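# Structural characterization, general
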Amino acid sequence: MLQYDKEFDPVADGMPIGGPRAEIGSEADYAADDKVYVFDDDRLVLAVNVALKTGRPLLLFGPPGSGKSSLAPNVARILGWRYHAHVVTARTEPEDLLWRFDAMKRLNDAQANGLSEHMGDYFTPGPLWRAFAFEDGSTQRCVVLIDEIDKSDPDVPNSLLGPLGSLSFPLPWDDDSQVNVAEEHAPLVVITSNDERELPRPFLRRCIVFELGSPTKQHLLRVAEQHLGSHYDGDLAARIADHLLDIRGQRYDDTPPAGPSTAEYLDALKASHRLGVVPGTAEWDVLEAVTLRKRRDGLDRTA
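This is a predicted model, so every value here is computed, not measured. (Residues numbered from 1 in each chain as written. Predicted model: local features only at pLDDT ≥ 70, side-chain atom pairs only at ≥ 80, totals over all residues. Heavy atoms only, no water.)

Counting secondary structure elements, the chain contains 10 helices and nine strands. Residues counted as buried form 44% of the 303 residues belonging to the chain. Partitioning the intrachain contacts of the chain with sequence separation of at least 6 by distance along the chain shows that 74% fall at a separation of at least 24. Element-wise, carbon and sulfur atoms account for 48% of the exposed surface of the chain, whose accessible area totals about 15700 Å². (Helix = DSSP H or I, 4+ residues; strand = E, 2+ residues; numbered from the N terminus. Buried < 20%, exposed > 50% of the residue type's maximum accessible area, 1.4 Å probe, protein only. Contact = heavy atoms within 4.5 Å. Areas by Shrake-Rupley, 256 points an atom, 1.4 Å probe, with all protein chains shown as cover.)

Right, let's talk about the packing of helix 7 (residues 217–228) against helix 8 (residues 234–249) for a bit. In the contact formed by helix 7 and helix 8, the axes pass within 10 Å of each other and the chain directions differ by 135°. Judged by the angle between their axes, helix 7 and helix 8 are oblique. Seen from above, helix 7 lies across helix 8 with right-handed handedness. Two secondary-structure elements touch here, helix 7 through K217, L220, L221 and A224 and helix 8 through A237, A238, A241, D242, L244 and L245. (Axes fitted to C-alpha atoms, helices over the stretch in contact; angles between N-to-C directions. Parallel < 35°, antiparallel > 145°, perpendicular 65-115°, else oblique. Left-handed = near helix turned anticlockwise from the far one by under 90°.)

Turning our attention to the environment of S214. Within the secondary structure layout, S214 lies in the loop between strand 9 (208–211) and helix 7. A relative accessible area of 42% places S214 in the partly exposed class. Taking the C-alpha atoms as reference points, S214 and P260, separated by 46 residues in sequence, lie 9.6 Å from one another. Residues contacting S214, with those up to four places away along its chain left out, are P63 and R248. There is a polar contact of 2.8 Å between the side chain of S214 and the side chain of R248. (Polar contact = N/O pair within 3.5 Å; in protein donor to acceptor, adjacent residues only side chain to side chain.)

What follows is about unusual backbone geometry. One non-glycine residue, N113, adopts positive backbone phi at about 55°. By secondary structure assignment, the location of N113 is in the loop between helix 3 (103–111) and strand 4 (123–125). One non-glycine residue, L167, lies in positive phi territory at about 55°. Tracing the sequence through the fold places L167 in the loop between helix 5 (155–166) and strand 6 (168–171).

What follows concerns helix 10 (residues 282–293). Compared with the 16 Å implied by 1.5 Å per residue over 12 residues, the 15 Å span of helix 10 between its first and last C-alpha is a close match. Within the sequence span of helix 10, burial applies to W284, L287, E288, A289, T291, L292 and R293. Following helix 10 by one or two positions, K294 has its phi on the positive side, about 55°. (Expected span 1.5 Å × (residues − 1).)

Take the pairing of strand 8 (residues 188–193) next. Of all the six residues making up strand 8, six are buried; the element is thus mostly covered by neighbouring parts of the structure. Judged by which residues are buried, strand 8 turns out to be covered on both faces: L188, V190 and T192 on one side and V189, I191 and S193 on the other are all buried. Two elements, strand 1 (residues 58–61) and strand 8, share four bridges in a ladder whose sense is parallel. Note on strand 8: the bridge partner recorded for L60 is T192. Bridge count between strand 5 (residues 142–147) and strand 8: four bridges; the pairing is parallel. Following the sheet pairing, L145 is matched in strand 8 by V190. (Pairing = 2+ DSSP bridges.)

A few words on the side chain of R82. If you trace the backbone, R82 turns up in strand 2 (residues 82–87). One polar contact links the side chain of R82 to the main-chain carbonyl oxygen of R130, over a distance of 2.9 Å. Separated by 3.0 Å, the side chain of R82 and the backbone oxygen of Q140 make a polar contact. The contacts of R82, once residues within four sequence positions are left out, are A76, R130, A131, A133, F134, Q140, R141, C142 and V143.

Here the focus is the sheet that holds strand 1. Here we have five strands laid out as an open sheet, ordered 2-5-8-1-9, and parallel in their pairing. The sheet is open, and its two borders are formed by strand 2 and strand 9, each paired with just one other strand. This sheet shows a mean twist of 20° between the axes of neighbouring strands, independent of strand direction. Across six bridges, strand 2 lies against strand 5 in parallel orientation. Each bridged residue has a counterpart across the sheet, and for Y83 the counterpart in strand 5 is V143.

Functional significance is not addressed by these values, which are geometric in nature.
What follows is the structure, encoded as structure tokens:
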């Protein structure tokens, strides 16, 4: 365990590696991805702390299903901070992370002779605006997830450099007024990428960069224990983890699609638990095909 002055410490006060496990609703429920995360890599915890102390965004790379998107809400949960998220698409515009202008509402108001004198009535705050602004005098800090930024045009990551560097941006209808936040109340911005498109170098230089690897068996078992709680069966979890790792081992290249993810492992494990279908049965061959193998190139299909 790395020893240093941690602002973020998921194992403080004797908490489990996954952090404080949120209560689940009933005996039939499992914990959701935003309620538990296994922080069993000290390097990742250090990267989060570096981002917090430097005020830089934390940029996460890694294969699909490696836990990139679920990191941010769990950091927010453990710190007790607010949380906002935005999933980037090919249609995302740079301004979408700051605000969204409702042109249709303004047109309808104009046609109805009810046009508001305040332009702010036609703008909806985006995730960074909500992270910079505080309501009712609160100073509770925020974690912002900007998910899959590599799907966007290069203008989108570059557009973040100004607001994240200065912790401010001008109001869209008044260049003389700013939305800003003090450095001590700055948000933690977590950005994820599946590496489908190269990101601009200036943007990379202004991020703390961490790459998540493929899950090990030990990690899968810890994830399963945290998600399933009292439903956890160590023997069954280990057997299914072995199946997943065997499937991943059948690939001899690094081309997509990748092998089964942690999320697919949990699907297989939950289905096995609820249906009573275990490895070694004819039914398991079908369950494995629909949860772990799917239509991945280079794999034998069993059903």
